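Structural features, examined
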Amino acid sequence: LVAVDWIMRKTTSDKPRGIQWTLFSQLEDLDFAEDVAALSTTQTQLQEKTDRLDNSAKQVGLNISTTKTQVMCINTEPTSTTKVNNQPLEYVEDFTYLGSLISKDNGAQKDIKARLGKARGAFARLGPIWKSNQYSLRTKIRLYNSNVKSNLLYGSECWKVVKTDMRKIQAFHNGCLRKICRIFWPNKISNIELYKKTGCQSIIDEIKKRRTKWLGHTMRMNSQRIPKIALRWTPPGKRKPGRPKVTWRRTVKAELEEMGLTWGEAQKVAQDRARWRDLVEALCPTRDEED
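Quick caveat: nothing in here was measured; it's all calculated off a predicted structure.

**Some words on unusual backbone geometry**
Backbone torsion omega between Trp185 and Pro186 reads 15°, so that peptide bond is classified as cis. Notably, Asn75 is not glycine yet its phi reads approximately 60°, a positive angle. Tracing the sequence through the fold places Asn75 in the loop between β5 (70-71) and β6 (83-84).

**A short note on the environment of Trp130**
Looking at the element boundaries, Trp130 is found in helix α4 (residues 127-131). In the structure, Trp130 is positioned 13 residues away from Leu143 in sequence and 9.7 Å away in space, judged by C-alpha atoms. Aside from chain neighbours lying at most four places away, what touches Trp130 is Phe123, Lys140, Leu143, Tyr144, Val148, Ile180 and Arg182. One polar contact links the side chain of Trp130 to the main-chain carbonyl oxygen of Phe123, over a distance of 3.0 Å.

**Quick word on the side chain of Lys160**
Tracing the backbone shows Lys160 in the loop between α5 (137-152) and α6 (163-180). With residues up to four places along the chain from it excluded, the contact list for Lys160 reads Asn106, Gly107, Ala108, Val246, Thr247, Trp248 and Thr251.

**Topic: a nonpolar patch on the surface**
Judged by side-chain polarity, Trp6, Val60 and Leu62 come together as a nonpolar surface patch covering roughly 240 Å² of accessible area. Owing to a relative accessible area of 35%, Leu62 belongs among the partly exposed residues under this scheme.

**A look at the pairing of strand β3 (residues 29-32)**
As paired elements, β3 and strand β4 (residues 35-38) share 4 bridges and run antiparallel to each other. Within the sheet, the bridge partner assigned to Asp29 lies in β4 and is Ala38. With antiparallel pairing between neighbouring strands as the criterion, β3 and β4 make up a hairpin whose turn holds 2 residues, including Ala33 at a positive phi of roughly 60°.

**With respect to the confidence of the model for the chain**
In this model, the chain carries an average pLDDT of 89, and 97% of its residues clear a pLDDT of 70 or more. Contacts of residues 287-291 to residues separated by more than four positions or lying in other chains number 5 contacts, the stretch itself having pLDDT below 50.

**Regarding the packing of helix α3 (residues 109-125) against α5**
It is at 7 Å that the axes of α3 and α5 come closest, and there the two elements cross at 160°. By the angle class used here, α3 and α5 are roughly antiparallel. The handedness of the crossing between α3 and α5 comes out as right-handed. Listed contacts from α5 to Arg115, Leu116, Lys118, Ala119, Ala122 and Phe123 of α3 are Tyr144, Asn147, Val148, Asn151 and Leu152. For the contact of α3 with α5, a count of residues per class yields 7 nonpolar, 2 polar and 2 charged.

**Description of the packing of aromatic side chains**
With the rule as written, the count across this model stands at 4 aromatic pairs. Arranged with centres 5.1 Å apart and planes meeting at 25°, the rings of Phe123 and Trp130 form a pair that is stacked. In this structure, Phe123 and Trp130 share a single accessibility class: buried. One aromatic cluster is present, formed by Phe123, Trp130 and Tyr144 through successive ring pairs. Geometry around Trp263 places Arg249 over its ring, the cationic atom sitting 4.1 Å from the centre.

**Some words on the pattern of salt bridges**
For the coordinates displayed, the defined rule picks out 13 salt bridges. The closest approach of N and O atoms between Lys110 and Asp94, which form a salt bridge, is 2.8 Å. Taken together, the residues Lys110 in helix α3 and Asp94 in strand β9 (residues 94-97) connect sequence positions 16 residues apart. Judged by its relative accessible area of 23%, Asp94 is partly exposed. Where Arg211 meets Glu255, a salt bridge forms, and the shortest distance between an N and an O atom there is 2.5 Å. One end of the pair, Arg211, is in helix α8 (residues 203-219); the other, Glu255, is in helix α10 (residues 248-258), and 44 residues separate them in sequence. Three or more residues are tied together by salt bridges with common partners; here these are Asp14, Lys15, Arg17, Glu48 and Arg52.

Parameters and conventions
- Residues numbered from 1 in each chain as written.
- Predicted model: local features only at pLDDT ≥ 70, side-chain atom pairs only at ≥ 80, totals over all residues.
- Heavy atoms only, no water.
- Helix = DSSP H or I, 4+ residues; strand = E, 2+ residues; numbered from the N terminus.
- Contact = heavy atoms within 4.5 Å.
- Polar contact = N/O pair within 3.5 Å; in protein donor to acceptor, adjacent residues only side chain to side chain.
- Patch = residues over 30% accessible without salt bridge, like charges linked within 9 Å, V, L, I, M, F, W, Y side chains within 5 Å.
- Areas by Shrake-Rupley, 256 points an atom, 1.4 Å probe, with all protein chains shown as cover.
- Salt bridge = Lys/Arg side-chain N within 4 Å of Asp/Glu carboxyl O.
- Buried < 20%, exposed > 50% of the residue type's maximum accessible area, 1.4 Å probe, protein only.
- Pairing = 2+ DSSP bridges.
- pLDDT = per-residue confidence, 0-100.
- Axes fitted to C-alpha atoms, helices over the stretch in contact; angles between N-to-C directions.
- Parallel < 35°, antiparallel > 145°, perpendicular 65-115°, else oblique.
- Left-handed = near helix turned anticlockwise from the far one by under 90°.
- Nonpolar A, V, L, I, M, F, W, Y, C, P; charged D, E, K, R; others polar.
- Phe/Tyr/Trp six-rings, centres within 6.5 Å; stacked < 30°, edge-to-face > 60°.
- Lys NZ or Arg CZ within 6 Å of the ring centre and 35° of its normal.

Written out as structure tokens, the structure reads:
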């Protein structure tokens, strides 16, 4: 990790080749451990940065894997090929970074679809446990929360709300709980009764709770931290005509308005951890609190 950090510092030290981040700074890269995402405004800058990255890596005995490295262009089409050692890199419309699927359209549909697939696989592998009479309902729900729901909700703090996607997630969640409780047609039970029986809650409310909790954590960060700047960052360029797209920030602002808070008021409240925690808990009370 020390070597990777040295490589990235040397790659970006000579001149800026990133994206405009603040008025006087550019964002050159995003990296966590050995997963590195290099950012550039033009393809020429990206090729220059890639060449410097490759040369710096070779100085410490590391090589860039061309099969694991991909390029994604946003709001533009590639005019040339980015290469490493004269080997072209693959251009893609989406790629996986730190477990989440990043798309060029800035949407969460593909990531949600991938999360649903992973959660379905985890739920199916535990099929013998759901059918067994040796385990209590409480044990089964704990296994569901730790092995299935954790897969489903990974990275959900950064999802923007689209009703069709939320309905799919809710349907999967409710379906899993009904199978665990062995409630099949023609037997019927309302979602409220289902949540009371299992001690669970609406998955949409839980996502909202996670998103609000993460928002408070980010608002308490230092003003120079990347997530804090990203809350207000506006990409350069002009918006296309037509209805504005649903974004994460618009989603959060709408949820804050439902709570009677403006963005500025939320920033002040978030500085008090205990008060913000109470606000988050009020969004979706637990079963004991409801009782």
